[in-house]
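The primary structure of each chain is shown beneath.
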Amino acid sequence: MHLTARSLLPALFVVALAAATGCAPQETSSPADASSTGATASAKSCDKAALPTRAKGKLTIGTDKPAYAPWFQDDDPASGKGFESAVAYSVAKALGYGKDQVVWQTVPFNNSFAPGEKNFDFDINQVSISDERKRAVDFSSGYYELRQAVIALKNSPYAKARTGADLKGAKLGAQVGTTSLDTINEIIKPAQKPAVFQKNDFAKSALRNGQVDAIVVDLPTAFYITSAEVPDAKVVGQFANSAGTAEQFGLVLDKGSALTSCVTRAVDGLRKDGTLAALEKQWLSDAVNAPVLK
């Protein structure tokens, strides 16, 4: 879901069905993934009373609007339902904040990792960790590993694509500044310039109306779109990550934030105790078995 261009390293593709690859539990991430001030979080420094949050006794979390499923449910980040809402509240709890002490702030996707002071303590909005973005903001360690996927209408000739080369002649679309758009430009490299949309809602409308032949989104979003929003469409396939270059979502913090190391410590704890894997199974279990595009 969802934006300056994210850096996406070229992927190696193999033809096969990839069972459950889109929702693999986060067991391989490590604190080294985080962009931080370099200080190691101590138990004392991460005590709630010591955390310099924007509002005393509150934790301000940012995300975009609309807040899309399956990351959030019913466009309501505060519900605790949906993978990212559940992750956000789990991180808040690990930092010592109850649900009633969390304040949600609407933050457009591109603004979350643009240079400048932030109006949130951390942002959660399917923002991929990249070296380019780390120049402007801090990231926690990764809380979710993902792949990009292609959606086309079932009656489209591109619905039968089995390789990236099969999509060369397609008019493709993606949301601005996403790694989905990077996938089109850097991996598929279509003959036509891709259509770029401010929101995934606009991309979905363009697909329905035949303005584009296919769109690229992350795999869990692709399964949600085809099952609940555009049932006449199908997941054509997914792109496999090269070994050691897995794309990960991270929590976004202000550059040099005093909270970065503590937020990373919280994410790492949720990975270690199995919370992240359990939340993936609960909220993203449908994102499985998409053909891998060679």
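Here, every reference points to the structure presented above.
All of the points below concern the structure found in this document. Model, not experiment: these values are computed from the prediction. (Residues numbered from 1 in each chain as written. Predicted model: local features only at pLDDT ≥ 70, side-chain atom pairs only at ≥ 80, totals over all residues. Heavy atoms only, no water.)

Focus: the state of the cysteines
- Across all of its chains, the model carries one disulfide by this definition.
- The disulfide bridge from cysteine 46 ends at cysteine 262, spanning 2.1 Å between sulfur atoms. Its S-S torsion of about -95° marks the bond between cysteine 46 and cysteine 262 as left-handed, since a negative value means left-handed. Remark: cysteine 262 occurs in helix 7 (residues 260-272) and cysteine 46 occurs in the loop between strand 1 (16-18) and strand 2 (59-63); sequence separation between them is 216 residues. An identical accessibility class is assigned to cysteine 46 and cysteine 262; each is buried. (Disulfide = S-S within 2.5 Å. Helix = DSSP H or I, 4+ residues; strand = E, 2+ residues; numbered from the N terminus. Buried < 20%, exposed > 50% of the residue type's maximum accessible area, 1.4 Å probe, protein only.)

Examining the pairing of strand 9 (residues 214-218)
- Counted residue by residue, strand 9 has five buried out of five residues, so it is predominantly covered.
- In this sheet, strand 9 lies alongside strand 6 (residues 148-153) in antiparallel orientation, the contact comprising five bridges. By the bridge assignment, glutamine 148 is partnered in strand 9 with aspartate 218.
- Looking at chain direction, strand 7 (residues 172-175) and strand 9 are connected through two bridges and run parallel. (Pairing = 2+ DSSP bridges.)

Points about helix 6 (residues 219-229)
- Of all the positions in helix 6, only Leu219, Pro220, Thr221, Ala222, Phe223, Ile225 and Thr226 are classed as buried.
- For helix 6, the elements touching its buried residues are strand 5 (137-146), strand 6, helix 5 (200-208), strand 9, strand 10 (233-238) and strand 12 (290-292). (Contact = heavy atoms within 4.5 Å.)

Brief notes about the pairing of strand 2
- In terms of residue burial, strand 2 counts as a mostly covered element, since five of its five residues are buried.
- Here strand 2 shows a buried face lined by Leu59, Ile61 and Thr63 and a second buried face lined by Thr60 and Gly62.
- Bridge analysis of strand 2 against strand 3 (residues 102-106) gives five bridges, and the strand direction is parallel. From the neighbouring strand, threonine 60 faces strand 3, where its bridge partner is valine 103.
- Assessed by its sense of winding, the connection that carries the chain from strand 2 through helix 1 (residues 83-95) to strand 3 is right-handed.
- Where strand 2 meets strand 4 (residues 122-123), two bridges bridge the pair, whose relative direction is parallel. Each bridged residue has a counterpart across the sheet, and for isoleucine 61 the counterpart in strand 4 is phenylalanine 122. (Right-handed = clockwise from strand over helix to strand, strands pointing away.)

None of this, on its own, says anything about what the molecule does.
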